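One-letter residues, chain by chain:
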Amino acid sequence: MGDRLRIYIIAWMFAPLVGGAEVRAEKHARQLMALGHEVTVVTIRYNKQWPQTEVLDGLRIVRIGGLYNSKGILRIGRLGHFPIDILLLFTLWRQRHRFDIIHALQLSPLAAVGTLVAKLAHKGMVISIPSTGPGKTQHAEDATLMADTLAEKLTDLSFLKVPFKDIVVGDIAYLSQSALGGRQIVNWLKKSDAYYQLLSSRSFPYMTTHGFQRDRLFLVPNGVDAQKFHPAPELRPDPAQPERTLLCVARLQYPKGIDVLLHAWGRMMHQPSGWRAHLRPKLLIAGEGPLLPQLQRIAAELEITDSVEFLGLQRNVLPLLQQSWGFVMPSRWEGMPNALLEAMSCGLPCIATRVSGSEDIVQDGINGLLIEPEQPEALAQAMRRVIEDSDFAARLAQEARATILRDYQLSRVVEKCVELYQHALSHEAPSLPLALEGVHK
Amino acid sequence: MSQMSNKPRIYVTIPTFYPYIGGAETQTLAQCQLLRERGYDVRIFTFHLEHHWAKQEIVGGVPVTRVGKILLGKRKHWPRPLQQFAYLLAMLLMTWTFWQKRNEYDILQICQFNLLVLPLSFVCRLAHKPMTIVLISAGAGKPTKTNEPARLLAGPLDPALPWLQVDSKTWIDGDLYGVERAGSFIVQYLRATLRRMGAVIIVLSTRMERYLSAHRFLLPGTRLIPNGVDIERFHLAPADMPVGERPHTVVCVSKMRWEKGIDTLLQAWRLVHEQLPEARLILVGSGPIEAQLRQLAQALGISEAVEFAGLRSDVPEQLHRGYIATLPSRWEGMPNALLEAMASGAACVATRVSGSEDLIQSGINGLLVEPDDYQAMAEALLTLLRDPVLAQRYGQAARATVEQHYTLNQVIEMYTDIYYTITQRNQISIFSDEVSNTYKQEQNTLKMPG
């Protein structure tokens, strides 16, 4: 078969839909093609109007239908996946001579179908696990924005309550809840020959807890386009100038911890102002979301509105990144934070929290600063350090870019994925070190 | 010099000690016992926290001296500020004790990095004694400002039920809390002093190392030495032991306190019980919230599947009753209970907290879940209950992990190694080169193999 692989990628969502998952799927496919492999994307035909097969700039797309309602929209629900599964099974089996590897980008019933075909036709099977959930059970009463120092100042803190609709569920839990027979599918997958691509080292316990075999789990993180996200020395703020702009790019939702960031900023700005006599710290928050009014209220109560700016949704963050002094990501939990990868790729000194993904990328004090989530005081100290100590910030920035170039370039990550494909094809027991590769303590 | 030609004499100070029992107390006692067996002169100094305790006592072969009876013995009846003042005076008294006895020891070891380190560092500097500090807690890792009351996990029950409220919450602050409350001047001064003295700080887990680093106390002399376990006492179950109920029995050895997270385990057990009604849970230990936990088990309808075994002295045998053990803690320092379960060859389900996360490599020698996440815990327990072969494999791997890195003997080796290094270093700085060279040779011949 040579080095050239024929790969079928199963993506639950793909163009013409637009979103994070779709963009990542397409980038992955195109990078594989650039490496000389033959790629076909198998996805869902949500709308009867969409063509069943299509070639998009050289990328072949096959769409699987099912039962449609009167408006021509595909029926999907707890039961709706069965006709789709059967059609997919049929399609894949008929086309089995056209691929060597099936790669499902989500843990879905489709992945189970792919695994079945791969088993029958002796093909390799890889399933990606993008999300492990928040890692702790959230109760409705838990979702309150942080009060921190405001607890002493205000008596009525009811505005901090968050309508907790934004529950992140791990993939395995999602599959068993959203599809009829999901639990059986998970149990079957545990015993199957499929290999799993995990995006962060924290997913290992998640998967082994659910009974998946350790030697079938491989760490292949997300990648970032290091050519696109590059440092721009001509735009970079001059350390001699007083401007110190920290940027945060995130949806304004509870898991992103923007409230913690505001409290930390408040603590930093309310320290005796001697240290910033010649500096002008500024915090830019790019993103929109349901929490905007509450966050603005917190900023007002903390009296930091003159140094904090909510930018709203930004379509293109690249120029913002290139013009900022530093980057901060205060998340309560994450899957694999692309925003952080992009900031580091632009050569920014970054402050992140010890959450899934970030903890793999950032080595505290070397290529960024890593603090525990929900700790405003520690976050304030870290931000002050980056703002104050421009030599230190420059060192972090340089190492950040080097880390990206070494481990997280899209091309490098896709190469690792190809290694995983070849592994899945060789049908031999994999060696453990590969599974542990990239997991540093 | 004459007293130095022998093994260094070590004085250990620990704020709380037997009859109070906790992880740090148990581990300190076990280490001191083993050091004495090996011929070291080890003594423990602690605070006299209860009036009826003895001033001098031998605990398990180790001499214990209690300091500050008048100041601390009856302080519970005093107003709060007076208590604090009395504690401060007791610290000074402890310092004075060590200054008076400065010719009777070669190394001063302080268990717990609290404010007491400051005056004792003066003593060590003036008396030219090396000092080791053992960090015993990195705190709960939660924001300290949220003073919301502790509550047992409600799960499917009504969270407003009054008996879910816990009033016996012990909020564990990190060791450095006391030092940092004393102000940034003290902190900076102490940091500089310890650095200059070359004090050795011992951390028990990687999370404690991060904690030190976050508080900028990660000095060059920091060493990671975990807790150790007596692998003779905690041994594998005999091969001829009948299988019986063991594949579907889970054992949990823990004090019944809120921070141990047994409510998480009971919530998880409800989910396990739905799937495997024949599975049994054995809870070994007692504590202030035992009655509430029994009530919780009742309310969840799992009381016939859960055995409250109470406080037991035959912990190794209890651990052999099941293939699986679990430690559902909300936070820990370096959990002895987990080490003991692993040494007994149990497949362990632990939470990602300080210590446990270092011991368990999920999917290799046990399973790791996030604290408070009872659904994940149920999933992990079900995985092991349904697959006894896997459980046994993890159990064997756990025993191997303990044998390789966490036996009491290995831990003591690491400590004695440090003791020799620092006494030698101090000698060199005091005596001439010639003397120190002969001393070095002497020490080398004395050093035990291995």
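Here the structure is shown first, and the text comes after it.
The structure reproduced in this document is the subject of the present report. What you are looking at is a predicted structure, and each value in this text was computed from that prediction instead of being measured. Numbering of residues starts from 1 in each chain and follows the order in which that chain's sequence is written. Chains and ligands are labelled by the order in which they are written, letters from A for the one and numbers from 1 for the other. pLDDT decides what is reported in this predicted model: residues at 70 or higher carry local features, side-chain atom pairs at 80 or more are listed and counted, and totals for whole chains, interfaces and linings draw on all residues regardless. Side-chain measures were taken over the full set of non-hydrogen atoms in the model, leaving aside hydrogen atoms and water.

### Some details on the pattern of salt bridges
Residues and elements named next belong to chain A. Any Lys or Arg side-chain nitrogen found within 4 Å of a carboxyl oxygen on Asp or Glu counts as a salt bridge. Tallied over the full model, the rule gives 38 salt bridges over all chains. Residue Lys119 is joined to Asp193 by a salt bridge in which the shortest nitrogen-to-oxygen separation is 3.9 Å. In this pair, Lys119 is assigned in helix H3 (residues 109-120) and Asp193 in the loop between helix H6 (182-191) and strand E7 (195-198), connecting sequence segments 74 residues apart. Owing to a relative accessible area of 47%, Lys119 belongs among the partly exposed residues under this scheme. We note a salt bridge from Lys153 to Glu301, for which the minimum N-O separation is 3.8 Å. Here the residue Lys153 occupies a position in helix H4 (residues 150-153), and Glu301 occupies one in helix H9 (residues 292-301), the gap between them amounting to 148 residues. Exposure remark for Glu301: the relative accessible area of 17% places this residue in the buried category. Here the residues in one salt-bridge network are Lys153, Arg297, Glu301 and Glu303, joined through shared partners. A helix here means a DSSP run of H or I that spans at least four residues, while a strand means a run of E at least two residues long, and both kinds are numbered starting from the N terminus. Exposure is judged per residue with a 1.4 Å probe applied to protein chains only, and the accessible area is read against the type maximum: over 50% gives exposed, under 20% gives buried, and values in between give partly exposed.

### Some remarks on the interface of chain B and chain A
Taken together, the contact pairs 29 residues of chain B with 26 residues of chain A. Between the two partners, chain B and chain A, sit one salt bridge. Here A:Glu372 ties to B:Arg210 by a salt bridge, and the two come within 3.8 Å at their closest N and O atoms. Here a polar contact is recorded for every N or O atom pair within 3.5 Å, except that within protein the pair must consist of a potential hydrogen donor and a potential acceptor, and residues adjacent in sequence are included only if both atoms are side-chain atoms. Run the count over chain B and chain A and you get four residue pairs in polar contact (both at pLDDT 80 or more). Residue assignment for the side of chain B that touches chain A shows that the elements contributing at least two residues are helix H7 (206-214), strand E14 (366-369) and helix H13 (374-386) of chain B. By residue number, the principal contributor to the side of chain B that touches chain A is H13(B), which donates six residues. All amino acids are sorted into three groups, where Ala, Val, Leu, Ile, Met, Phe, Trp, Tyr, Cys and Pro are nonpolar, Asp, Glu, Lys and Arg are charged, and the leftover types, Gly among them, are polar. Looking at the side of chain B that touches chain A residue by residue, the class counts come to twelve nonpolar, six polar and eleven charged. Two residues form a contact once any of their heavy atoms are found within 4.5 Å.

### What about the sheet that holds strand E14 (residues 369-371) of chain A?
Residues and elements named next belong to chain A. Reading across the sheet, the six strands line up as E11-E10-E9-E12-E13-E14 and stay open at both edges, with parallel pairing between neighbours. Each edge of the open sheet is held by one strand with a lone partner, namely strand E11 (308-312) and E14. With strand direction ignored, the average angle separating the axes of adjacent strands in the sheet is 20°. For two strands to count as paired, DSSP must find a minimum of two bridges between them. Strand direction decides the pairing type here: strand E9 (residues 243-249) and strand E10 (residues 280-286), joined by seven bridges, are parallel. Of the residues in E10, the one forming a bridge with Arg244 is Pro281. Interaxial angle, 0 to 180 degrees, is taken between N-to-C directions of lines fitted to C-alpha atoms, where a helix line uses only the stretch in contact. Taken strand by strand, helix H13 (residues 376-388) contacts E9, E10, strand E12 (326-329), strand E13 (350-353) and E14, and its axis lies near 170° from that of E14.

### Considering the sheet that holds strand E6 (residues 124-129) of chain A
All names here are of chain A. If you trace the eight strands from one edge of the open sheet to the other, you get E3-E4-E2-E1-E5-E6-E7-E8, paired in mixed fashion. For this open sheet the edge positions go to strand E3 (53-56) and strand E8 (217-219), each flanked by a neighbour on one side alone. Sheet twist, expressed as the average angle between the axes of neighbouring strands with direction ignored, equals 25°. Looking at chain direction, E3 and strand E4 (residues 59-64) are connected through four bridges and run antiparallel. Within E4, the position partnered with Leu56 by the bridge is Leu59. Across the sheet, helix H2 (residues 81-94) is in contact with strand E1 (6-10), strand E2 (38-44), E4 and strand E5 (101-104); its angle to E4 comes to roughly 135°.

### Looking at the pairing of E9(A)
Residues and elements named next belong to chain A. Within E9, five of the seven residues are buried, which leaves the element mostly enclosed by the surrounding structure. Following the backbone out of E9, through helix H8 (residues 258-269) and into the adjacent parallel E10, one traces a crossover that is right-handed. Across two bridges, E9 lies against E12 in parallel orientation. Bridge pairing in E12 places Leu246 opposite Gly326. For crossovers, right-handed means that the path from the first strand over the helix to the second runs clockwise, given strands pointing away from the viewer.

### So, H13(B)
Residue and element names in this part refer to chain B. One less than the residue count of a helix, multiplied by 1.5 Å, gives the span that helix is expected to have. Its 13 residues give H13 an end-to-end C-alpha distance of 18 Å, which sits within 8% of 18 Å, the value for a rise of 1.5 Å per residue. The buried count for H13 comes to eleven of 13 residues, which makes it a mostly enclosed element. All of the buried residues in H13 are Tyr374, Ala376, Met377, Ala378, Glu379, Ala380, Leu381, Leu382, Thr383, Leu384 and Leu385.

### What about unusual backbone geometry?
Cis geometry marks the peptide bond from B:Tyr18 to B:Pro19; its omega dihedral reads 5°. Along the polypeptide, B:Pro19 turns up in the loop between strand E1 (10-13) and helix H1 (23-37). For A:Asp57, which is not glycine, the phi dihedral falls at a positive 50°. Tracing the backbone through its elements, the reader meets A:Asp57 in the loop between E3 and E4. Phi is positive for B:Arg216, which is not a glycine, with a value near 55°. Among the secondary structure elements, B:Arg216 is positioned in the loop between H7 and strand E8 (223-224). Note on B:Arg216: relative accessible area 47%, which makes it partly exposed.

### Some remarks on the side chain of B:Glu25
Residue and element names in this part refer to chain B. Inspection of the secondary structure puts Glu25 in helix H1. Although buried, Glu25 forms no salt bridge, and the nearest oppositely charged side chain, Lys255, lies 6.7 Å from it. Look past the residues within four positions of Glu25 in its chain and what remains in contact with it is Ile14, Thr16, Phe17, Tyr18 and Tyr20. Two residue types count as positive, namely Lys and Arg, and two as negative, namely Asp and Glu; His and chain ends fall outside the count.

Keep in mind that these numbers describe shape and distance, not what the molecule does.
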